[in-house]
Amino acid sequence: MPAFGQSFSDVPSDHWAYDAINKLVAAGIVEGYPDGEYKGDQNMTRYEMAVMVSRALDNIVAEQEALADEVDAMGEGLTTGQAEDVTAIVKSLMEKNTSDSLSDAQAEEVADIVDALTFELRAELKVLGADLDALGKDVADLEAKVDGLDIPEDNIEWAATVDTVAEAGNYTGSGVDLILDEDALDGDPGDEISEQDFYQEAGISLSGSVANADYNLDLVTLFNGFEDFSTTDDNSFALDSALLEVAYNGVNVKLGDLNEYAVETYFVNEEDVEGMEMTANYQGYHVKTIVTSLDADTMYGITAGREFDIADVTGKVYHARNNGALHTMIAGEVTDFALTEEVVMGAEVVYDNETEGIYVTADGEVTAVEALTLKPFVNYANEDFVPYMGDLDDEFGDGTQVVQAGVNADYVLNEDNTLHGGFTFTDNDAAENKMVASGGITNTYGDFTNNANVEYTMNDEYTADQEKILVEADTAFALDAKTDLTANVSYETADHIADTTVFGVGADYAWDDSLVLGAAYTYKNVDEGMNYSFVKATADKTLTENISWNTEVNYITGEDADAVEGEGNGVKTALSVSF
């Protein structure tokens, strides 16, 4: 490379770019060609331009490091005039650079400008950097203030499932009564597979939060839009059920369809009702109010309780109306009353304001030893007490005074075996008292889970010498990672009722990750009464992450309690799509 002060053979000393070229050579930014020429009129390639700019930038970095102390002492940076000059230069270069490549002369001008700007703008860049630091701090402070604001969030999530269902069935004789038996489908009329039906059921769930309130809305709709294929003439869209739940500052509200709703065993227990329930905690009290309806019955209730150190005490008032008839029950309850660490008791007293009926119940849990737990209980009802919905045991509400007492027990033999036992004595002012004793075991053996129980009743139906024995057993077994097997058997025998035998087996098999096949068989025989064989097969197929196809096929044959023969078969298939 020629030394500074010399020139290339094709750059005479009187050339207008002579000095600039020598400066670039001295700075190590440009070099000539091996033949000693600069070739200034030749277009520069992009590669040559990249090399030149890279060298210039290296020089800039070196100058920045060498002049750091000088930058600190500099003043305000560019003057207004200097800024105007720089603007004019840049504009001039933009006007010049209209071709696809740069000449050497143009490149020299770019290098000179880069050098000049690097020196002239150092102080301004330093100030600008400080301003950016200050701006970053201001932004951080602003973000902190925004995070501290209580801004309501609108978090809404929704999900939906649409089931398209087709049913086809055929029943002769007593076939419908057989398939609705408690040991077959255990259903109500209408639960059997229809003779012909095609409908859609859609479930929609909407949940979210606004401010401090959380809500969830569940809707189930039915659409029978396939009149030509359905046994019903109702071609309509119907809302089957709806339930809205809202939680706000410790107050929880349910509004809509309350399925299998349980209030009290003596009032409303596991009934499908419509209405409202509100629960809240207020100044240490837990409060619940209900307003519900079932058919022609309208039911109201309010409870209020408080948890004390030794027990939880609750007062209750329930009221029901049916076509002008009134029914009011007033109750007081104590739960979790710890007599000692090993003995916990509870009790409730109920008074029926209309009939002057009285019902009292008390129970407890006693840890006799680490492995033995006793659960004693006592129930009493006078002759005037009538459970509102009749959900108490059959012994109560028949117009007689009833006293019942008993105890249940669990004894843990070891981690694989637990014994169960119980005894109940009932006196209802009848000629004889009824006594029931039971015992059983829960056992785990390898892949088997087994249960067995025996129950003996003396003076059944409060009649002397009427004895009844019930034996039940069931087992579940994981044959392998894909196959689960179940079996159950029960036998009931007595002098005053027909002997009954029920036997069942079932299997579920995971064909693959997306298909599960199932099969079940039930046999029931009542001496001189109902008997049948019932077979059911299922196939549950996962088509995609949100689409499944479930199919059930069943068949039953036998005769009812009146010896009327019956037969039935049906198929039900449903395509379920979730969103």
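Predicted model only: the values in this text are computed from it and were never measured.

(A) Looking closely at the nonpolar core. By size, the foremost hydrophobic cluster in this structure holds 23 residues, and its most contacted members are Y266, F267, M299, Y359 and F385. Looking at this core, the elements that each hand over two or more residues are β5 (251-261), β7 (285-294), β9 (312-322) and β10 (325-338).

(B) View of the packing of aromatic side chains. This model, assessed by the stated rule, comprises 7 aromatic pairs. For the pair F448 and F477, a centre-to-centre distance of 4.1 Å together with 10 degrees between the ring planes defines the contact as stacked. Here F477 lies in strand β18 (residues 468-478) and F448 lies in strand β17 (residues 448-458), a separation of 29 residues in the sequence. For F448, a relative accessible area of 32% translates into the label partly exposed. One aromatic cluster is present, built from ring pairs that chain together Y266, Y359, F385 and F396.

(C) Representation of the environment of I302 within the structure. Residue placement: I302 occurs in strand β8 (residues 297-307). Along the sequence, I302 and H319 sit 17 residues apart, while their C-alpha atoms lie 9.2 Å from each other. When near neighbours in sequence (up to four residues on either side) are disregarded, I302 contacts K288, T289, G315, K316 and V317.

(D) Spatial organisation of the pairing of strand β20 (residues 500-510). Bridge count for strand β19 (residues 483-494) against β20 is 10 bridges, and the pairing is antiparallel. Among the inter-strand pairings, S490 is bridged to a residue of β20, identified as V502. Here 11 bridges tie β20 to strand β21 (residues 515-526), and the two strands are oriented antiparallel to one another. Residue V502 lies in a different strand from β21, and its bridge partner there is K524. Following β20, the chain reverses through 4 residues before pairing antiparallel with β21.

(E) View of a negative patch on the surface. Together, E356, E383, D384 and D429 make up a region of like negative charge exposed at the surface. In this fold, D384 is placed in the loop between β13 (372-381) and β14 (402-414).

(F) Spotlight on helix α1 (residues 18-26). All buried positions along α1 are accounted for by Y18, I21, N22, L24 and V25. Down the axis of α1, the sector holding all buried residues measures 160 degrees, keeping them to one side. Away from its buried face by more than 90 degrees, α1 exposes D19 and K23.

(G) Seen up close, a nonpolar patch on the surface. A cluster of nonpolar side chains, I302, V317, I330, V349, Y351 and I358, forms an exposed patch at the surface whose accessible area comes to about 450 Å². Along the chain, the position of I358 falls in strand β12 (residues 357-369). Residue I358 is classed as partly exposed on the basis of its relative accessible area, which comes to 32%.

(H) Local environment of the side chain of H319. Turning to its location among the elements, H319 is positioned in strand β9. Among the polar contacts made by the side chain of H319, one reaches the side chain of T328 at a distance of 2.7 Å. Those residues in contact with H319, other than ones at most four positions away along the chain, are F267, T298, M299, Y300, L326, H327 and T328.

Conventions and cut-offs
Residues numbered from 1 in each chain as written. Predicted model: local features only at pLDDT ≥ 70, side-chain atom pairs only at ≥ 80, totals over all residues. Heavy atoms only, no water. Core = buried A, V, L, I, M, F, W, Y, C linked by side-chain atoms within 4.5 Å. Buried < 20%, exposed > 50% of the residue type's maximum accessible area, 1.4 Å probe, protein only. Helix = DSSP H or I, 4+ residues; strand = E, 2+ residues; numbered from the N terminus. Phe/Tyr/Trp six-rings, centres within 6.5 Å; stacked < 30°, edge-to-face > 60°. Contact = heavy atoms within 4.5 Å. Pairing = 2+ DSSP bridges. Patch = residues over 30% accessible without salt bridge, like charges linked within 9 Å, V, L, I, M, F, W, Y side chains within 5 Å. Areas by Shrake-Rupley, 256 points an atom, 1.4 Å probe, with all protein chains shown as cover. Salt bridge = Lys/Arg side-chain N within 4 Å of Asp/Glu carboxyl O. Lys, Arg positive; Asp, Glu negative; His and termini not counted. Charge placed at Lys NZ, Arg CZ, Asp CG, Glu CD. Arc of directions from axis to C-beta. Polar contact = N/O pair within 3.5 Å; in protein donor to acceptor, adjacent residues only side chain to side chain.

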